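Report on the structure
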There are 2 protein chains.
Amino acid sequence: MATQTLATWTVSLSYPDLPEEVINAAVRSFYNIAGCIVGGSKHTATITARKALSPFSGPPTSHLLGTNASTDAMHAALFNGIASHVHDYDDTHLDTIIHPTGPVACALLAIVPTLERPVSGPEFITALVAGIEAECKIGLAVWPAHYDVGWHITSTTGSIGAAVAVAKLLALSAEQVAHAIGLAATQVTGLREMFGSHAKSFHPGRAAQNGLLAALLAREGFTSSVEALEAKRGLEEEIGGLGGARWEIVRNAFKPFPCGIVVHPVIDGCVWLHGELERLGVDIEDVEEVVADVHPLVLELTGKTAPRDGLEAKFSVYHGGAVGLLLGKAAPAQYEDDVVLDRRVVALRARFRAVPDESLRADECHLVVKVSGGASIEKHVDYAVGSLERPMKNEQLTAKFVDQCVGILGEDRTDKASQWCWGLAEQTDVGQIKDVL
Amino acid sequence: MATQTLATWTVSLSYPDLPEEVINAAVRSFYNIAGCIVGGSKHTATITARKALSPFSGPPTSHLLGTNASTDAMHAALFNGIASHVHDYDDTHLDTIIHPTGPVACALLAIVPTLERPVSGPEFITALVAGIEAECKIGLAVWPAHYDVGWHITSTTGSIGAAVAVAKLLALSAEQVAHAIGLAATQVTGLREMFGSHAKSFHPGRAAQNGLLAALLAREGFTSSVEALEAKRGLEEEIGGLGGARWEIVRNAFKPFPCGIVVHPVIDGCVWLHGELERLGVDIEDVEEVVADVHPLVLELTGKTAPRDGLEAKFSVYHGGAVGLLLGKAAPAQYEDDVVLDRRVVALRARFRAVPDESLRADECHLVVKVSGGASIEKHVDYAVGSLERPMKNEQLTAKFVDQCVGILGEDRTDKASQWCWGLAEQTDVGQIKDVL
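Residue indices follow the written sequence of each chain, beginning from 1 at its first position. All chains are assigned letters beginning at A, and all ligands numbers beginning at 1, according to the order in which they are written. Since the coordinates come from a predicted model, pLDDT governs what is reported: local features require at least 70, and pairs of side-chain atoms require 80 or more to be given and counted, while whole-chain, interface and lining totals use all residues. For side-chain calculations, the full set of non-hydrogen atoms in the structure is used, while hydrogens and water are omitted.

1. What to know about the packing of helix α6 (residues 121-142) of chain A against helix α8 (residues 153-169) of chain A
Residues and elements named next belong to chain A. Counted only if it meets this: Angles run from 0 to 180 degrees between N-to-C directions of axes, and those axes are lines fitted to C-alpha atoms, restricted for helices to the stretch in contact. Helix and strand definitions here come from DSSP, where helices need a minimum of 4 consecutive H or I residues and strands a minimum of 2 consecutive E residues; each element is numbered from the N-terminal end. Note on convention: near helix rotated counterclockwise from far helix by under a right angle means a left-handed crossing. Clockwise means right-handed. Contacts are assigned to residue pairs that have any heavy atoms within 4.5 Å of one another. Three categories are distinguished: nonpolar for Ala, Val, Leu, Ile, Met, Phe, Trp, Tyr, Cys and Pro, charged for Asp, Glu, Lys and Arg, and polar for the others, with Gly belonging to the last.
Axis separation between α6 and α8 bottoms out at 8 Å; the angle between their running directions is 145°. Read as a crossing pair, α6 and α8 show a hand that is right-handed. From α6, Glu-123, Thr-126, Ala-127, Ala-130, Gly-131, Ala-134, Glu-135, Ile-138, Gly-139 and Val-142 reach across to α8, where they touch Ile-153, Thr-154, Thr-157, Gly-158, Ile-160, Gly-161, Val-164, Ala-165, Lys-168 and Leu-169. Partitioning the contact of α6 with α8 into residue classes produces ten nonpolar, seven polar and three charged.

2. Concerning the interface of chain B and chain A
What counts, and what does not: The term buried area denotes the loss of accessible surface (1.4 Å probe radius) that occurs when two parts are joined, taken as the sum for both partners. A pairing counts as a salt bridge when a side-chain nitrogen of Lys or Arg comes within 4 Å of a carboxyl oxygen of Asp or Glu. Here a polar contact means two N or O atoms within 3.5 Å. Within protein one must be a hydrogen donor candidate and the other an acceptor candidate, and residues neighboring in sequence count only if both atoms are side-chain atoms.
On the side of chain A, 47 residues touch chain B, which itself brings 47 residues to the contact. Carbon and sulfur atoms make up 69% of the area that chain B and chain A hide from each other, which totals about 3,800 Å². When the buried surface of chain B facing chain A is broken down by residue, Phe56(B), Thr186(B) and Phe222(B) rank first, second and third, together holding 18% of it. Summed over the shared surface of chain B and chain A, the number is two salt bridges. Close ionic contact of Glu220(B) with Lys51(A) constitutes a salt bridge, the shortest N to O distance being 3.3 Å. The interface formed by chain B and chain A contains 19 residue pairs in polar contact (both at pLDDT 80 or more). Those elements that provide at least two residues to the side of chain B that touches chain A are α3 (44-53), α4 (73-85), α9 (174-185), β4 (187-189) and α10 (199-219) of chain B.

3. Regarding the nonpolar core
As a rule of thumb, soluble globular proteins bury nonpolar side chains together. Selection criterion: What is meant by a nonpolar core is a set of buried Ala, Val, Leu, Ile, Met, Phe, Trp, Tyr and Cys residues, joined one to another through side-chain atoms within 4.5 Å. Burial here depends on accessible area, computed with a 1.4 Å probe over protein chains only, as a share of the maximum for the residue type. Under 20% is buried, over 50% is exposed, and the range in between is partly exposed.
Residues Leu6(A), Leu212(A), Leu325(A), Leu437(A), Leu6(B), Leu212(B) and Leu437(B) are the most contacted members of the largest nonpolar core, which totals 309 residues. For Leu437(B), the contacting residues outside a window of four places in its chain are Ala34(B), Val38(B), His63(B), Leu65(B), Gly66(B), Phe401(B), Leu409(B), Arg413(B), Ala417(B) and Cys421(B).

4. Observations concerning the pattern of salt bridges
Under the counting rule described, the total for this entry stands at 33 salt bridges over all chains. A salt bridge links Arg353(B) to Glu289(B), with the nearest nitrogen and oxygen atoms 2.8 Å apart. With Arg353(B) in strand β7 (residues 352-356) and Glu289(B) in strand β6 (residues 287-294), this pair connects stretches of sequence that are 64 residues apart. According to the relative accessible area criterion, Arg353(B) is partly exposed, its value standing at 41%. Residue class for Glu289(B) comes out partly exposed when judged on its relative accessible area of 21%. Several salt bridges converge on common partners, so that one network encompasses Asp95(A), Lys137(A), Arg246(A), Glu248(A) and Arg251(A).

5. Digging into the side chain of Ser225(A)
Looking at the secondary structure, you find Ser225(A) in the loop between α10 (198-219) and α11 (235-240). The exposure class assigned to Ser225(A) is buried, which follows from its relative accessible area of 9%. One polar contact links Ser225(A) to Glu193(B), side chain to side chain, over a distance of 2.6 Å. What Ser225(A) contacts, discounting residues up to four positions off in sequence, is Ala178(A), Gly182(A), Glu193(B), Met194(B) and Ser197(B).

6. As for the confidence of the model for chain A
When pLDDT drops low, the exact placement of atoms in the prediction is not to be read closely. Selection rule: A residue's pLDDT is the predictor's confidence in that residue, given on a scale from 0 to 100.
On average, residues of chain A score 95 in pLDDT, and 99% of them reach the 70 mark or higher. Here the predicted complex carries an ipTM of 0.89, next to a pTM of 0.91.

7. Digging into the sheet that holds strand β8 (residues 365-371) of chain B
All names here are of chain B. Going by this rule: Between any two strands, pairing holds if DSSP finds at least two bridges.
With mixed pairing, four strands are arranged side by side in an open sheet as β7-β6-β8-β9. Only two strands of the sheet have a single neighbouring strand rather than two, namely β7 and β9 (376-381). Here the average twist between neighbouring strands, direction ignored, is 15°. Looking at chain direction, β6 and β8 are connected through seven bridges and run antiparallel. By the bridge assignment, Val-287 is partnered in β8 with Val-371. Sheet strands touched by helix α12 (residues 264-280): β6, β7, β8 and β9. Its angle to β9, the strand with the most contacts, is close to 145°.

8. Quick look at the sheet that holds strand β8 (residues 365-371) of chain A
Think of a sheet as strands paired side by side through backbone hydrogen bonds, with each pair either parallel or antiparallel. All names here are of chain A. Judged by pairing direction, the sheet is mixed, and its four strands sit side by side in the order β7-β6-β8-β9 without closing on themselves. Each edge of the open sheet is held by one strand with a lone partner, namely β7 (352-356) and β9 (376-381). Across the sheet, the mean angle from the axis of one strand to that of its neighbour is 15°, orientation sign disregarded. Sitting on the sheet, helix α12 (residues 264-280) touches β6 (287-294), β7, β8 and β9, and the angle it makes with β9 is about 145°.

9. What to know about the pairing of β6(B)
Across five bridges, the pairing between β6(B) and β7(B) is parallel. Looking across to β7(B), one finds that Val290(B) is bridged to Phe352(B).

10. Focus on the packing of aromatic side chains
Quick note on the threshold: Side-chain rings of Phe, Tyr and Trp (the six-membered ring for Trp) are treated as a pair once their centres are within 6.5 Å; stacked means planes under 30 degrees apart, edge-to-face means over 60, and tilted covers the remaining angles. Each ring is checked for a lysine NZ or an arginine CZ that lies within 6 Å of its centre and within 35 degrees of its normal; such an atom marks a charge sitting over the ring.
In total, this model carries 17 aromatic pairs over all chains according to the counting rule given. Ring geometry for Tyr31(A) against Phe401(A): centres 4.4 Å apart, planes inclined by 25°, an arrangement best described as stacked. Taken together, the residues span a long stretch of sequence, with Tyr31(A) in helix α2 (residues 20-40) and Phe401(A) in helix α18 (residues 394-409) at a distance of 370 residues. By the burial criterion, Tyr31(A) is buried, and Phe401(A) matches it. Ring plane angle 15° and centroid distance 3.9 Å describe the contact between Tyr31(A) and Trp422(A), whose orientation is recorded as stacked. Of this pair, Tyr31(A) sits in helix α2 while Trp422(A) sits in helix α19 (residues 411-422), and the two are 391 residues apart along the sequence. The class for Trp422(A) is partly exposed, based on a relative accessible area of 23%. A network of ring pairs unites the aromatic residues Tyr31(A), Phe401(A) and Trp422(A) as a single cluster. Sitting over the ring of Phe195(B), Lys200(B) keeps its end group 4.8 Å from the ring centre. The residue whose ring lies beneath Lys400(B) is Tyr89(B), and the NZ or CZ to ring-centre distance is 4.3 Å.

11. Observations regarding α3(B)
How we decide: The directions considered for the arc are those from the helix axis to the C-beta atoms.
Residues of α3(B) that are buried include every one of Ala45(B), Thr46(B), Thr48(B), Ala49(B), Ala52(B) and Leu53(B), and no others. One side of α3(B) holds all its buried residues, which, seen down the axis, span an arc of 165°.

12. Let's talk about the relation of the copies chain B and chain A
Note the threshold: Least-squares fitting of one copy onto the other uses the C-alpha atoms of those residues that reach a pLDDT of at least 70 in both copies.
The operation relating chain B to chain A is a screw motion whose rotation component is 180°, with 0.0 Å of axial translation and a residual RMSD of 0.1 Å. Look at the turn and shift together and you get a two-fold axis relating the two. Taking the C-alpha atom as reference, chain B places Gly58(B) closest to the rotation axis, 1.8 Å from it. Interface overlap between copies: 100% of the residues of chain B at the interface are likewise at the interface in chain A, consistent with a symmetric, same-surface contact.

Pasting the structure below:
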C-alpha cells in the first residue's frame, strides 16, 4: 500500500493544506539551497561535469544558478544538484542525515521553465514539500540499516523525492505518480564509499535527474512496478503519517559549516575557544594539545587525520576543529585546498586528538585546550549551532547566502537575489529565478 | 586491489590478445544484440521513452537501430538499450543470468560516431570484450546473493561493463578507468521488483547510459573512490582471472525464445510435443492436462499463471509452454498482447501445471501431456536449445536476426545488415552501422 498511499497523498496535497510553519520551513529550505547552488557553481566538480557533458546537451531551457548559462532540463538538474551539495553546506534532516532539498529543488527548477505556463511560488512550494516529505518519511523507515550497509541515503531517497515533486508539478494522476515512484526507486544511486570524492556531490545531482526522468517517463505512460516501496519494513506507518501530526520539513536544519554535520559541535566549540584564546592573549603556538570527546560516530564518519584536499577535509573532524580554533571560522573558504595544506593548519591538526565517548550524543562534544605551562581551557557544547535546538536564524541564513553569492553575483545582485528568494511564497513566476541568481 | 586490477587489465587489453573463440563469441554476441535492438525498436516501451525524452535531446550524432532517427549519444545509449532487452530475447551469461551485451554494445554504439576518427571492428570488439568480461567476472563474485536480495544483475553490473568498454574505446588511463568504474558502480540501477513492466528494459538502457556517463566524466577528471569494487567478497579472485584460462564471453548464450531463460526447457519440449501431437493426429482440444516438472527457480521467477500482456507473459512458464504446444513456436509474435489474451491460449494455459522438483537442474525439465482417453506423451529435455550444451548455431542466429529485422528493414536491407554484422571483425568503420540497420 505504501506506494499507492504516497501517490494518492501527493495528488491530493494542496497549498492551503500546508501549516504556516511548513511554508516557512519550505522557504528557508529553498533559500538555503539557492545560496548553496550559487556557492557551488564554480567548484571543480561542477565545472568538470559541465565540461564533460555539454557536447550532449539539448535545448538550453533551464538556468544554471550563479552562471549566465542554461542547458536542457535533464542536465540542469544534474549540474545544479552537484553544485547544491559540493561544499557539504546544504540542509540536513537530522533524524535520517538526509540532505533533502537539493535533489527535489534542482529537479523542480529544471522543469519549471519548460512548462507552457508560469509556476507560482505556492505551487512550487507545494511540490517541494511533497518531495521532501516523501524523502524523509521513506528515510525514517529505512534508517539506520540502509545507511549502515553503505547507501548514501540522500540520493537513494532523493530520486524518489524528486520524482514525487516533479510528478506533483506536472499534475500526474495517482497511477502515474506510482509508476514515477517505481521508476525512481529502481535507480538506486549513491554509495557512501564515494565520500571524499566528486562522486559524493554527483549523487544528489543524479538523484534530481533520476527523479525528473522518472516523472517524465511516467507521464508518457512508461510503466514500472506500482509496489516499489512495499517491501520496506516500517514504511506503511511512516507513509501513513504523511501530512499528519508531524511534518518532516520543519525538522530540516541548515548547516553553519560546510562539512559533515557530526563535526559541527567541535567546530562550534573551537570557534568559541578561538575567541577565548584571543581574549586571554594565548598564542596558538602555545597550544600543546586539543582533546575533543565526541560520539563514536564522529570518528567513524569524519576520522581523516591528514586530509589531502578540501573534499577530504570535510570528513576530518581534525580539520574542522583546527580551522575553528586557528581562524575562528569554518566557511567554504576554510575548506579550500590551500588552507587544508597550509603549514599552520597541518601543524594544529597534528596536535588535535578526538576521543570516542559513548556517553555523548552525536550533537554534543567536550573540548579541552591544553596550553604550554599547564593551563587548560574547556568548552562543553550541548547542541551545535544549526541543530534543531539552536536553529539558524533567518539573519544567519542571510549571512550564509550572502557569503556564498557575493563573490559570484556582486553585492547588488546578491541583495536582490536574497530578497527574491525570501519572497518565494509571493512569487507569481518562479521561472524568473534565471534573471535573479 | 580489484578496481585497480580491472582498470590495469582494461588498459592493457589488445586485439591480438583475444583468442579466436573469444573473437567469434564477440561477433556472435554483437550480431545477436543488433537484431534484438532492431526487433525492439518499435516496442511501446522504446517508443514511449523516446517520446518522453526527445524534448531534452542534444545533437543527433548517434543512430537508433531499426529507425531513420538519431539522437545524442546519451539518449541513444538509453533507447537502444531499452530496445535490446524489451523482448527478453537477448543473450545470457548462464552462470550469472546476466544479459551482458546490451548495456556494453549500446554504450559503445552511442559514442562511436561522436569520435573524430573511425573505429575499426577489431577496436570495437576489444572494447566489447573488456566490458563483457568485467560484467561477468563481477557477476560471478556477487552471484547469487546479489540477485537473491532483489537486484537486477544485468544492469547493476552492466553499468560497470559499459563504463569499462567506453573507457577502453576512449583510451583512458588506468587511473581514469578506476574513477569510471567507481562512478558507474555508484549508479546501482535495477530492482527485480520491476520485472513484468517497462522498467525491466529500462534497466539495461540506463546501465548503458550510466556507464557512458561515468567514462565521460572520468575522462574530464571527475573523481570517485578508486576502491569501488574492493568490498565485494570473492571479487579479487574473479578479477584476477581476467584474460586467463576462462573467458566469460565464450560462455555467453543466445536466446531462441524471447522470455526468461528458465522457461526455455519447457518451451523447447513443448515445441517438440507440438510436432508429436500433429504426427499422432491429436487435437489440442483433447489435451486434458500438461504437467511440467521443473526446477523450483522456474516457478519463483516465472510463476505468473494469468499474464495480462506480453511483458507479463515473459514471466509465465504457463504461457511459454502453451504457445509452444499450441503454435509450435515462441518468437516475439507469440508474445504479442493479443496472443497472450487469445481464448485458445488462455484455455490451454489453464490446463498447464508446473511442479517444482529439486532433483532437476534449472535447464532441465520433464513434460507429460495427458490426452483424453487416458493416453499420455512424455518428453524429457536434458538441455534446452540455446544452452551451452546445445548452443544456437550461426544459422539459427541468422534466422532469429532475419525474423526480427525483416518486418522493419525489408528483405534486401536485412540481408545486407546480416552480412555486415557477421563481418564485424573486418569492418574498418563501425560508425557505418547507421547506414546498415
